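So the chains spell out like this:
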Amino acid sequence: MRNVSPSPIIEEARSRVLRTVNSEMVLLNWHIGREIVEYVQRGDPRAGYGEEVIEDLSKQLQSRVGRGYSSTNLRYFRAFYIAYRSRKPEIRHIGSGESGSAEEASASGKIRHKRGGVSLAALDPAPLEGFSPALGWSHYRALMKVEPAMVRTFYEIEAEQERWPVEHLERQIFTQLHLRLLKSRDKDGVMELARKGQTVEKPADLMKSPIVLDFLGLQGGPALRESDIENAIISKLSQFLLELGKGFAFVARQKRITFADEDFFVDLVFYNIILKCYLLVDLKLGKLTHQDVGQMDSYVRLFDAQGRTKGDGPTIGLILCAEKNEAMARYSILSEHQQLFAAKYVTYLPSEEELRQELERDRRIAEAIVKAAREEKTAKPKRAPKVQEP
């Protein structure tokens, strides 16, 4: 008689119970927050007597039902309700919050045009229905601090779709993932990002800059080598894959490519299961040069010839460099058919102000390059001077 282990059944049942408990806790905290705001404070979230009420309510609840209802927690419940006041207090089915077509998005969302492009923060939010069964109270505690509401919705969608742990959600919020993904998007792309989260339809959709590698624990300085970064990435591969983006799987390190009896080695190779293509990663300690770009272009061409199989899309090349310049920006702003990318990496967790300055600098460079490319494309060719016949 074949032995059958009940372990998977038990684990699945435990997971369902845990998800149910987490979901019920989210709803309970929302209802408590509503009671405080709507009935105790009579709908005014800023009522002056609110703090005294919370202290008294905390003492009553803790004496009657025990721990978990400190004044600090009650303030969280109140803030949670205020942030999600328009939500129905119910748990939705995964997928029910997905948005409709681009035409529907354009009809329901309003975009304010700003100098230098459009901002995801300028969109009017289209609220999701209910709360996600994939997210617990700790997720929503992190989310409720995010403003404006549309940016909060973006992170909620991403956390749900990608099953982010709370620590990763907090990290992506702090490092402003939404801004790192927005650089190369037009108005329609901004709307899509805001309403559906990060959709991946072409290589450029995957790319963000800077890529934050604080979790590697690397110390900068002259002693740091490219091999140190590579070893650290391999040792913390799951975290690197999360930072790299959606749908990546590790394939190889120091992948050998041979051409005309000469061997070349690619630092890291990944495969993206969404785009069905390989990603070659080259690590650079210094500033990106044209030689680096030429080398990566050769790697991509050779890999396409030797490693790509039937059904695979064109290989993507990504150069991760410590410093960037206009050449790097030129290869980061890509058309739909280009396959070379470059991004800056940082080995520490930057401050919010540093990130803001970095992204603003990228935006200015990107706009200048795009403008120059358009002017070059639309410029009329000069007429050759007439030659006098003898």
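Just above, that's the structure.
Residues numbered from 1 in each chain as written. Predicted model: local features only at pLDDT ≥ 70, side-chain atom pairs only at ≥ 80, totals over all residues. Heavy atoms only, no water.

**Concerning the nonpolar core**
If you look at the biggest cluster of nonpolar residues, it comprises 33 residues, and the most contacted ones within it are Leu74, Phe80, Tyr84, Phe131, Tyr140 and Tyr155. Sorting the residues of this core by element identifies α1 (7-40), α2 (50-65), α3 (71-83), α5 (137-143), α6 (149-162) and α8 (177-182) as the ones contributing at least two each. Element by element, the count of residues in this core is highest for α1, at 6 residues. Excluding residues that lie within four positions of it along the chain, Tyr84 makes contacts with Trp30, Phe131, Tyr140, Leu143, Met144, Arg152 and Glu156. Of all hydrophobic cores here, the second largest spans 31 residues; its members include Leu213, Leu218, Leu318 and Tyr345. (Core = buried A, V, L, I, M, F, W, Y, C linked by side-chain atoms within 4.5 Å. Buried < 20%, exposed > 50% of the residue type's maximum accessible area, 1.4 Å probe, protein only. Helix = DSSP H or I, 4+ residues; strand = E, 2+ residues; numbered from the N terminus. Contact = heavy atoms within 4.5 Å.)

**Focus: the side chain of Arg87**
Locating Arg87 in the fold gives a position in the loop between α3 and α4 (102-108). Looking at Arg87, the relative accessible area reads 6%, which means it is buried. At 2.7 Å, the side chain of Arg87 forms a polar contact with the backbone oxygen of Gly130. Of the polar contacts made by the side chain of Arg87, one reaches the side chain of Glu156; its length is 2.6 Å. Aside from chain neighbours lying at most four places away, what touches Arg87 is Trp30, Arg92, Leu128, Gly130, Phe131, Tyr140 and Glu156. (Polar contact = N/O pair within 3.5 Å; in protein donor to acceptor, adjacent residues only side chain to side chain.)

**Considering the sheet that holds strand β5 (residues 262-272)**
The 6 strands are arranged β3-β8-β7-β6-β5-β4 in an open sheet whose pairing can be described as mixed. Either end of the sheet is taken by a strand with one partner, and the two such strands are β3 (211-212) and β4 (248-259). Examined bridge by bridge, β4 and β5 share 10 bridges and lie antiparallel to one another. Counted as the bridge partner of Arg253 is Leu268 from β5. (Pairing = 2+ DSSP bridges.)

**Observations concerning the pairing of β5**
Hairpin connection from β4 to β5: 2 residues lie between these consecutive antiparallel strands, with Ala260 at a positive phi of about 55°. As paired elements, β5 and strand β6 (residues 277-287) share 5 bridges and run antiparallel to each other. Across the sheet, the residue bridging to Tyr271 is Tyr278, located in β6.

**Let's talk about α3**
With 13 residues, α3 extends 18 Å between its outermost C-alpha atoms, agreeing within 8% with the 18 Å of an ideal straight helix rising 1.5 Å per residue. When α3 is considered as a whole, its buried residues turn out to be Ser71, Leu74, Phe77, Arg78, Phe80, Tyr81 and Ala83. (Expected span 1.5 Å × (residues − 1).)

**Here we look at the pattern of salt bridges**
This structure, assessed with the given rule, holds 19 salt bridges. For Glu156, the salt bridge is made with Arg87, and the minimal N-O distance between the two is 2.6 Å. Separated by 69 residues along the polypeptide, Glu156 in helix α6 and Arg87 in the loop between α3 and α4 bring together distant segments of the chain. An identical accessibility class is assigned to Glu156 and Arg87; each is buried. As a salt-bridge pair, Glu243 and Arg171 come within 2.9 Å of each other at their nearest N and O atoms. One end of the pair, Glu243, is in helix α11 (residues 237-244); the other, Arg171, is in helix α7 (residues 166-174), and 72 residues separate them in sequence. A single burial state applies to Glu243 and to Arg171, both of which are buried. (Salt bridge = Lys/Arg side-chain N within 4 Å of Asp/Glu carboxyl O.)

**What about the packing of aromatic side chains?**
In total, this model carries 16 aromatic pairs according to the counting rule given. Ring centres 5.6 Å apart and planes at 40° place the aromatic pair Phe80 and Phe131 in the tilted group. Remark: Phe131 occurs in the loop between β2 (117-118) and α5 and Phe80 occurs in helix α3; sequence separation between them is 51 residues. Ring plane angle 65° and centroid distance 4.9 Å describe the contact between Tyr278 and Phe303, whose orientation is recorded as edge-to-face. One end of the pair, Tyr278, is in strand β6; the other, Phe303, is in helix α12 (residues 290-306), with 25 residues separating them in the sequence. Like Tyr278, the residue Phe303 is buried in the burial classification. Taken together, the ring pairs connect Tyr69, Phe77, Phe80, Tyr84, Phe131, Trp137 and Tyr140 into an aromatic cluster. In this structure, Arg87 is placed above the aromatic ring of Phe131, and the distance from its NZ or CZ to the ring centre is 5.5 Å. A cation sits over an aromatic face here: Arg152 above Tyr84, 5.5 Å from the ring centre. (Phe/Tyr/Trp six-rings, centres within 6.5 Å; stacked < 30°, edge-to-face > 60°. Lys NZ or Arg CZ within 6 Å of the ring centre and 35° of its normal.)

**With respect to unusual backbone geometry**
Of note, the bond from Glu147 into Pro148 is cis; its omega dihedral lies within 30 degrees of zero at -5°. Looking at the secondary structure, you find Pro148 in the loop between α5 and α6. With phi around 55°, Ala260 is a residue other than glycine that occupies positive phi space. Structurally, Ala260 is set in the loop between β4 and β5. Take Ala260: its relative accessible area is 63%, and that puts it in the exposed class.

**Re the side chain of Gln176**
Relative to the helices and strands, Gln176 is located in the loop between α7 and α8. Ignoring any residue separated from it by four or fewer positions in sequence, one finds Gln176 in contact with Tyr155, Glu352, Leu355 and Arg356.

**Considerations on the packing of α1 against α3**
A pair of packed helices is captured by two measures, namely the crossing angle of their axes and the spacing between those axes. For the pair α1 and α3, the least separation of the axes is 7 Å and the interaxial angle reads 90°. Taken together, α1 and α3 sit at an angle that is classed as roughly perpendicular. Residues Val26, Asn29, Trp30, Ile32, Gly33, Arg34, Ile36, Val37 and Glu38 of α1 form the contact with α3, whose own contacting residues are Leu74, Phe77, Arg78, Phe80, Tyr81 and Ile82. Taken together, the residues that form the contact of α1 with α3 break down as 10 nonpolar, 2 polar and 3 charged. (Axes fitted to C-alpha atoms, helices over the stretch in contact; angles between N-to-C directions. Parallel < 35°, antiparallel > 145°, perpendicular 65-115°, else oblique. Nonpolar A, V, L, I, M, F, W, Y, C, P; charged D, E, K, R; others polar.)

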